[in-house]
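Summary of the model geometry
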Amino acid sequence: MRLTQKALTFDDVLLVPAFSDVLPKDTSLATQLTRKISLNIPLVSAAMDTVTEARLAIAIAQEGGIGIVHKNLTAQQQAAEVYKVKRHESGVVRDPIVIEPELTVRQVIHLTQQHKISGLPVVKNGKVVGIVTNRDLRFENNLDQAISKIMTPRERLVTVTEEDSLEVAKSLMHKHRLERVLVLDNQDRLCGLITVKDIQKATEHPFASKDIHGKLRVGAAVGVGAGTEERVELLVKAGVDVVVVDTAHGHSKGVLERVRWVKQNFPHVEVIGGNIATADA
């Protein structure tokens, strides 16, 4: 039998090493994705529906790169994937889900299951009056009573201020055997939430790609057709770091106009346009 396919040997693909006095520990793979966004490793995942949604975007951002969530979803679904990434890890959760003391135990259990969270600050008239956690909800039989009846009240809460460091929060959580502490201002208004899980994640992934608030970075792809304005608005609201105007031919009027529209309407969000194949483009 005659073989017609070409075969390669190790020597055909070997990159021949040369002398170096640089050690791996002294190297940096950091690179600029955009003017304002830098990555610790030059890795960006494809905006394809078989590739990037929240799960992969989280994993890549934890290692120092960034994932671009694909656009073959409804605008609401795509924004939800972005939101999952932004809420996955941060030094301080700046916008925690809160509840009112009049909610029933049944309603609160539904919220914890829906959002997959185990602690909810209780707020009334803009001020924190308590917190409810899984320990309060576990084994509770009276599901129709107000959550205020079983929550940990404000006077028993261990809290920190915005000026306190994560080390202070970690020390308090260790001392009082807590899973989370609330960040309050001097008028008992909620500024954020710090959890043990977030601190652990930050320790496990020291080179993670994060924004100025300590949240993982994530991008999202959009097109140029109908409904793109609503899509971009929802993505920005979800916290997207970079909008990628993703088309087969980036050197076109529609792409240029869409890039311009995003920049004009959301100047704080970074924009990437493509695909680009020539110097003129």
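A short tour of the structure in this document, coming up. (Residues numbered from 1 in each chain as written. Predicted model: local features only at pLDDT ≥ 70, side-chain atom pairs only at ≥ 80, totals over all residues. Heavy atoms only, no water.)

Digging into the overall build of the protein
When helices and strands are counted, the protein shows nine helices and twelve strands. Over its C-alpha trace the protein gives a radius of gyration of 24 Å, far above what one expects of a compact globule, namely 19 Å for 281 residues. Its C-alpha atoms give the protein principal-axis dimensions of roughly 80 × 50 × 50 Å. Expressed as a percentage of its 281 residues, the buried residues of the protein come to 41%. Long-range pairs, those at least 24 residues apart, make up 58% of the contacts in the protein between residues at least 6 apart in sequence. Total accessible area computed for the protein in this model is approximately 17,400 Å², and 53% of it derives from carbon and sulfur atoms. (Helix = DSSP H or I, 4+ residues; strand = E, 2+ residues; numbered from the N terminus. Rg over C-alpha atoms; globule rule 2.2 N^0.38 Å. Buried < 20%, exposed > 50% of the residue type's maximum accessible area, 1.4 Å probe, protein only. Contact = heavy atoms within 4.5 Å. Areas by Shrake-Rupley, 256 points an atom, 1.4 Å probe, with all protein chains shown as cover.)

Overview of the sheet that holds strand β11 (residues 242-246)
The strand order across the open sheet formed by four strands is β3-β10-β11-β12, and the pairing between neighbours is parallel. Taken across any chain shown, the strands that pair with only one partner, and hence form the sheet edges, are β3 (68-69) and β12 (270-274). Of the strand pairs in this sheet, strand β10 (residues 219-222) and β11 are connected by four bridges, and their pairing is parallel. Within the sheet, the bridge partner assigned to Val 222 lies in β11 and is Val 245. (Pairing = 2+ DSSP bridges.)

Side note on the pattern of salt bridges
Once the charged atoms of two side chains with opposite charge are near each other, the side chains can pair. Counted under the stated rule, the structure contains 15 salt bridges. Lys 86 is the salt-bridge partner of Asp 241, the closest N and O atoms lying 2.9 Å from each other. Taken together, the positions of Asp 241 in the loop between α8 (228-238) and β11 and Lys 86 in helix α3 (residues 75-88) put the pair 155 residues apart, joining distant regions of the chain. As far as burial versus exposure is concerned, Asp 241 and Lys 86 are alike and both buried. For Lys 124, the salt bridge identified is with Glu 102, shortest N-O distance 2.8 Å. Note that Lys 124 is positioned in strand β4 (residues 119-124) and Glu 102 in the loop between α3 and α4 (105-115), a separation of 22 residues in sequence. (Salt bridge = Lys/Arg side-chain N within 4 Å of Asp/Glu carboxyl O.)

Points about the layout of surface pockets
Of the voids in this model, the largest pocket is the one considered here, and its volume is about 1,200 Å³. Considering the residues around the largest pocket, the lining is formed by 41 residues, among which Lys 116, Ile 117, Ser 118, Gly 119 and Thr 195 are closest to the centre. Residues belonging to the lining of the largest pocket are distributed by class as follows: 18 nonpolar, ten polar and 13 charged. By volume, the second largest pocket amounts to about 620 Å³. (1 Å grid on protein atoms, 1.4 Å probe; cavity = no way out; pocket = protein on both sides within 12 Å on 5 of 7 lines; lining within 4 Å. Points joined across faces, edges and corners; volume = space filled by probe spheres on them. Nonpolar A, V, L, I, M, F, W, Y, C, P; charged D, E, K, R; others polar.)

Quick notes on the environment of Val 196
Following the sequence through the fold, Val 196 ends up in helix α7 (residues 196-204). A relative accessible area of 21% places Val 196 in the partly exposed class. Here the alpha-carbon distance between Val 196 and Asp 211, two residues 15 residues apart in the chain, equals 20 Å.

Topic: the packing of aromatic side chains
Per the counting criterion, the structure on display carries one aromatic pair. Geometrically, the ring pair formed by Trp 261 and Phe 266 is edge-to-face, given 5.9 Å between the ring centres and 70 degrees between the ring planes. In this arrangement the basic side chain of Arg 258 is found over the ring face of Trp 261, its NZ or CZ atom lying 5.2 Å from the centre. (Phe/Tyr/Trp six-rings, centres within 6.5 Å; stacked < 30°, edge-to-face > 60°. Lys NZ or Arg CZ within 6 Å of the ring centre and 35° of its normal.)

Some details on the sheet that holds strand β6 (residues 152-153)
The strand order across the open sheet formed by three strands is β4-β5-β6, and the pairing between neighbours is antiparallel. Either end of the sheet is taken by a strand with one partner, and the two such strands are β4 and β6. Inspection of the sheet shows β4 paired to strand β5 (residues 127-133) by six bridges, in the antiparallel sense. Within the sheet, the bridge partner assigned to Gly 119 lies in β5 and is Thr 133.

Some points on unusual backbone geometry
A cis amide bond, omega 0 degrees, links Gly 274 with the succeeding residue Asn 275. Of note in this structure, Asn 125 is not a glycine but carries a positive phi near 55 degrees. Looking at the secondary structure, you find Asn 125 in the loop between β4 and β5. Take Asn 125: its relative accessible area is 76%, and that puts it in the exposed class. Although it is not a glycine, Asp 188 adopts a positive phi angle of roughly 65 degrees. Within the secondary structure, Asp 188 is located in the loop between β8 (180-184) and β9 (190-195). Its relative accessible area of 25% is what places Asp 188 among the partly exposed residues.

Nothing here speaks to function; it is all geometry.
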